[in-house]
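What the coordinates show
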Amino acid sequence: MSIWESKSQTVKGRCHRWLWAPRGHHRRAAGFFLSLCFLSIPIASAQRTQLKPGWNRFSPQDDITLGKRAATDAEKQLPLCNAPRVDAYLTQLGTRLDQKLPTGGVPYPFEFHCVNDKAINAFALPGGYVFVNRGVIEAADNEAQLAAVMAHELSHVALRHGTNQATKAMLAETGLGIFGAVFGDSTGGALLTQLGSFTAGGVLLRYSRTAESQADVMGTQVLYDAGYDPRAMAQFFEKLEAETKGKNPPEFFSDHPNPEHRVARVDEEIDKLGGVPPNAKRDSAEFEAIKREVLALPVVKKPARGAASAVATPGPPSRNFAEYQASSYMLKYPDNWKQYPDSNGGGVSFAPEGGVVDDGSGHSALAYGLIIGVAQAKGDPNDWNALKSATSQVIQDLQRSNPSMKITRQGERLRLNGQPGLSTYLSNASPAGGQETDWVVTVLRPEGLVYFVCVAPQSAYDNYDKTFSSVLDSVRFTK
Ligand SMILES: [Zn+2]
C-alpha cells in the first residue's frame, strides 16, 4: 500500500515514479524571494507566455537538498547506462539547454544521467537532477526531439513543480507523516529511506495536467532560445501517440499526464516566439553516434511487477511481541517485524522481513504490515460525526494517490483503548501482485486523527488478521 502514490510505472518502470523524496518541515519565506526573481524576464520575450513557479513552502535551496538526496537514492536503485560518452553527451546537451532556463537566478546544480531502461520516459528531481531513459534516446528521431524531452524536464525543475505538488499535499495532509519520514533521519537505515522515499517520490513527481502544459510551453521557449527547432516538442509527442495507437501508452504519459490540446498549445507558443527560425538546429552527427551507442548497450531486464515479492513471501508473524513507545501511545508488535519510524515521530510502520517490496517499478511499498500516522484533524474525540468526517477525508486522500483503492466495508464503530474508533476495510492493488486488504482503524486524538492501516495481500490476509487485532488491542494512549 502506498500512502502516497502509485502511478504505474517507474523509474525503472514507471517513470516518474520515482522513488524518492523527501520531506522536511521547511517553512521558509520563499514567496518574497520568488516574486523578486521572476521579475527578470529574458529579452526578446515580449510576446512569449510568462510562467513562474506556484506557491511553495519549500525554498529553492530545499529543492536542491531534497533533490540531491533523492538523486543519490535513484542512482543506487536504477540501472544506469554506465556509458561515460552517453552521460557526457547528455550533460553537454543539458547544459546548452539549462543555460537558457529561466531559474530566477537560482544556481541549480544540474546533473544528467542515462538510465538503462527501454521505456520511453524521463524525469527530473527538484534541484535539477535529470534522468533520461535510453528509451527516449532510442525513440528520438533527432537531437532536437531529445532536447525537447530534456527541456520539458528542466522546465519542471525551474517551475518547481515537485515541491509545489508537495506543498499542496502537505496542506491537504500535514500529519500523514510524509514530510518527516526521510529527511534528515537515518534511524531506519536504507529501508526507511526506501519506504519514505517511495512515498515522497510519489508526491514530488505527480504532476498535474496544468504543470505538464506549463513544462511544454517553457520547454518550447528553452528549445527556441537554445537554437533548436521548437517544433520538436510537439513532434515527439505526436510520434509517441502515433506509435502506440491501440497499445499501452508510453510511460512518459503516465508520469507526464497528457494535457488537452498539447500539440496545439506548443504550436501557439512557437507563433508567439515569432515562428521557427530558419537556421534552427534539428540534428547532429554526435546525436546519431550516441544513439547507435545506446542501441548497443546491454538490456537490463526489469523485474515483472510483483515478482520480487513472490520470492520473498514473509514468514508468519511471531507470537512474541515487542513494545513500541510513541510520544502519545504505546503498542506491541510481533518481535520478528521491524520498525520504520518517521523522523518527525508522528508516524511509524512495522513490517516483517520481505514485507516491504519493490513494486516492480523501483518503488518500495509496504505489502505486509502496519502503517501508523496522524492526519491533521480537529474535533472532540468522543464526537462520532467528527471522527467520521475526518476519516473519510483521510480515505479520500489515500484514494487520490491509490486510484484502484475501494472501500469494501464502510466505517463501523469500535473502541480502541476505550476511545471511539472507526473500522473501515479497503481493497487495493497489492505491490506484491493481486489485491490487498487494508484494514483502517481511526481515532480522534488531541494531536489529530490517528490512523492504523493493517495491510496484507487478500490471499494471505487471514494469516495476519489475528496479529493485526492483537496489535490494535495492545494500543494504549498515554496522554
Ligand atoms: Zn512532465
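This report concerns the structure included in the present document. Every value quoted in this text rests on a predicted model; they were computed, and no experiment measured them.

1. Some remarks on the overall build of the protein chain
The helix and strand inventory of the protein chain stands at 15 helices and 15 strands. Of all intrachain contacts in the protein chain linking residues separated by at least 6 positions in sequence, the fraction that spans at least 24 positions is 71%.

2. Focus: the nonpolar core
The biggest cluster of nonpolar side chains holds 64 residues, and the ones touching the most others in it are Leu90, Leu97, Phe131, Ile137, Leu146 and Leu223. Per-element accounting of this core gives the leading share, ten residues, to helix α5 (residues 143-158). With residues up to four places along the chain from it excluded, the contact list for Leu223 reads Leu97, Ala144, Ala147, Ala148, Ala151, Tyr228, Asp229, Pro230, Ala232 and Met233.

3. Let's talk about the pairing of strand β3 (residues 129-133)
Of all five residues in β3, five are buried; the element is thus mostly enclosed. Side-chain alternation along β3 places Tyr129, Phe131 and Asn133 on one buried face and Val130 and Val132 on a second face that is also buried. As paired elements, strand β1 (residues 111-115) and β3 share five bridges and run parallel to each other. Its bridge partner lying in β3, Val115 is registered against Asn133. Two elements, strand β2 (residues 122-125) and β3, share four bridges in a ladder whose sense is antiparallel. Bridging across to β3, Ala122 finds its partner in Val132. The hairpin turn running from β2 into β3, its antiparallel successor, is three residues long, and Gly127 in that turn takes a positive phi close to 90°.

4. A closer look at the pattern of salt bridges
Close approach of charged atoms allows side chains with opposite charge to pair. A full pass over the atoms with the stated rule returns 19 salt bridges. Measuring nitrogen to oxygen at the nearest pair gives 2.6 Å for the salt bridge that ties Asp216 to Arg262. Taken as a pair, Asp216 in helix α8 (residues 209-225) and Arg262 in helix α11 (residues 262-272) lie far apart in primary sequence, 46 residues in all. Owing to a relative accessible area of 5%, Arg262 belongs among the buried residues under this scheme. Between Glu447 and Arg445 there is a salt bridge, and its shortest N-O distance comes to 3.9 Å. Residue class for Glu447 comes out partly exposed when judged on its relative accessible area of 32%. With a relative accessible area of 4%, Arg445 lands in the buried category.

5. Notes on the state of the cysteines
By the definition in use, this model includes one disulfide. The disulfide partner of Cys81 is Cys114, and the S-S distance across this bridge is 2.0 Å. One quick way to see it: the torsion about the S-S bond of Cys81 and Cys114 is about -55°, and its sign makes the bridge left-handed. Of this pair, Cys81 sits in the loop between α2 (60-77) and α3 (84-98) while Cys114 sits in strand β1, placing them 33 residues apart in sequence. Judged by relative accessible area, which is 6%, Cys81 ranks as buried.

6. Quick look at the sheet that holds strand β4 (residues 321-325)
The sheet built from three strands is open, its strands ordered β4-β5-β15 with antiparallel pairing. Whereas interior strands pair on both sides, the edge strands pair on one side only; in this sheet they are β4 and β15 (476-477). As paired strands, strand β5 (residues 329-334) and β15 are joined by two bridges and run antiparallel to one another. Paired with Met330 across the two strands is Arg476, which belongs to β15.

7. Quick notes on the sheet that holds β2
The strand order β1-β3-β2 describes an open sheet built from three strands, whose pairing is mixed. Where the open sheet ends on each side, the last strands, each with one partner, are β1 and β2. The mean inter-strand angle of the sheet, taken between neighbouring strand axes irrespective of direction, is 15°. Across the face of the sheet, α3 comes into contact with β1 and β3 while running at roughly 140° to β1. Sheet contacts for α5: β1, β2 and β3; angle to β2, the most-contacted strand, approximately 30°.

8. Notes on helix α15 (residues 462-473)
The terminal C-alpha atoms of α15 lie 17 Å apart, and with twelve residues this matches the ideal 16 Å at 1.5 Å per residue to within 8%. Among all positions in α15, only Tyr464, Thr467, Phe468, Val471 and Leu472 are buried. Take α15 and look down its axis: the buried residues cluster within an arc of 135°, on one side only. Facing away from the buried side of α15 by more than 90 degrees, the exposed set consists of Asp462, Lys466 and Asp473.

9. Concerning unusual backbone geometry
Glycine aside, residues mostly have negative phi, and peptide bonds are mostly found in the trans state. Look at Asn82: it is not a glycine, yet its phi comes out positive at around 50°. Topologically, Asn82 is positioned in the loop between α2 and α3. One non-glycine residue, Asn417, lies in the positive phi region at around 50°.

10. Brief notes about the environment of His113
Within the secondary structure, His113 sits in strand β1. The class of His113 is buried, set by a relative accessible area of 13%. Between the alpha carbons of His113 and Asp87 there is a distance of 5.8 Å; along the sequence they are 26 residues apart. Those residues within four positions of His113 in sequence are excluded, and the remaining contacts are Glu75, Asp87, Leu90, Val130, Phe131 and Val132. Within the local environment of His113, its side chain forms a polar contact with the side chain of Glu111, the two groups lying 3.0 Å apart.

11. Considering the environment of Ser469
Following the sequence through the fold, Ser469 ends up in helix α15. Judged by relative accessible area, Ser469 falls into the partly exposed class, the value being 26%. Ser469 sits 15 residues away from Cys454 along the chain, and the two C-alpha atoms are 9.3 Å apart.

The rules we used
Residues numbered from 1 in each chain as written. Predicted model: local features only at pLDDT ≥ 70, side-chain atom pairs only at ≥ 80, totals over all residues. Heavy atoms only, no water. Helix = DSSP H or I, 4+ residues; strand = E, 2+ residues; numbered from the N terminus. Contact = heavy atoms within 4.5 Å. Core = buried A, V, L, I, M, F, W, Y, C linked by side-chain atoms within 4.5 Å. Buried < 20%, exposed > 50% of the residue type's maximum accessible area, 1.4 Å probe, protein only. Pairing = 2+ DSSP bridges. Salt bridge = Lys/Arg side-chain N within 4 Å of Asp/Glu carboxyl O. Disulfide = S-S within 2.5 Å. Axes fitted to C-alpha atoms, helices over the stretch in contact; angles between N-to-C directions. Expected span 1.5 Å × (residues − 1). Arc of directions from axis to C-beta. Polar contact = N/O pair within 3.5 Å; in protein donor to acceptor, adjacent residues only side chain to side chain.

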